[in-house]
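Residue strings, one per chain:
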Amino acid sequence: QERLVESGGGLVQAGGSLRLSCAASGLTFSTYVMGWFRRAPGKERVFLAAINWSGDGTLYADSVEGRFTISRDNTKNTLYLQMNSLKPEDTAVYFCAARHSMWVIRDSSGYDSWGQGTQVTVSS
């Protein structure tokens, strides 16, 4: 059984930083493309970032490139999202997702497993 658990969300002031973690189990982590998505209040879930098996290939949405950094530690079966210069419009539930493929994509329908999400709230 594939299981993903996000953590690290919380309340932060605009301009601050958070690091989200996604702990994976029940899968061979190093053979999964991993991604981060978010769903803001009243909005659809959107792509943020994805990373390849080895961690040396990444893809970012324009809205977060330069502020957010995706990374992974295959020795710990953990995915990370470092979030800097946070803005109120970053307020959302953040999800990690796993894709049993070698191809890094933006489409949420291409990901096989999802976590429950962690709330990030950015105050002004």
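Residues numbered from 1 in each chain as written. Predicted model: local features only at pLDDT ≥ 70, side-chain atom pairs only at ≥ 80, totals over all residues. Heavy atoms only, no water.

Asker: Would you mind going over the overall build of the chain with me for this structure?
Answerer: When helices and strands are tallied, the chain shows zero helices and 11 strands. In the chain, the succession of helices and strands from N to C terminus is β-β-β-β-β-β-β-β-β-β-β. Rg of the C-alpha trace for the chain: 13 Å, near the compact-globule value of 14 Å for 124 residues, within the 12% margin. Residue burial in the chain is summarised as follows: out of 124 residues, 44% are buried. For the chain, the proportion of contacts with a sequence separation of at least 24, taken over those separated by at least 6, is 60%. Surface accessibility of the chain: about 6300 Å² in total, with carbon and sulfur atoms responsible for 46%. Computing the positive centroid from 12 side-chain charges and the negative centroid from 11, the chain places the two 4 Å apart. (Helix = DSSP H or I, 4+ residues; strand = E, 2+ residues; numbered from the N terminus. Rg over C-alpha atoms; globule rule 2.2 N^0.38 Å. Buried < 20%, exposed > 50% of the residue type's maximum accessible area, 1.4 Å probe, protein only. Contact = heavy atoms within 4.5 Å. Areas by Shrake-Rupley, 256 points an atom, 1.4 Å probe, with all protein chains shown as cover. Lys, Arg positive; Asp, Glu negative; His and termini not counted. Charge placed at Lys NZ, Arg CZ, Asp CG, Glu CD.)

Asker: Where do I start with the packing of aromatic side chains in this structure?
Answerer: Both the distance between ring centres and the angle between the ring planes are used here to describe each pair of aromatic rings. Within this structure, the stated rule accounts for four aromatic pairs. On the basis of an interplanar angle of 75 degrees and a centroid distance of 5.6 Å, the ring pair of Phe37 and Phe47 is categorised as edge-to-face. Separated by 10 residues along the polypeptide, Phe37 in strand S4 (residues 33–39) and Phe47 in strand S5 (residues 45–51) bring together distant segments of the chain. Phe47 shares its class with Phe37; the two are buried. Here the aromatic cluster, defined as three or more aromatic residues joined through ring pairs, consists of Phe37, Phe47, Tyr111 and Trp114. Taking the ring centre of Phe95 as reference, the NZ or CZ of Arg45 above it sits at 5.8 Å. The ring of Trp114 has Arg45 lying over it, and the distance from NZ or CZ to the ring centre is 3.8 Å. (Phe/Tyr/Trp six-rings, centres within 6.5 Å; stacked < 30°, edge-to-face > 60°. Lys NZ or Arg CZ within 6 Å of the ring centre and 35° of its normal.)

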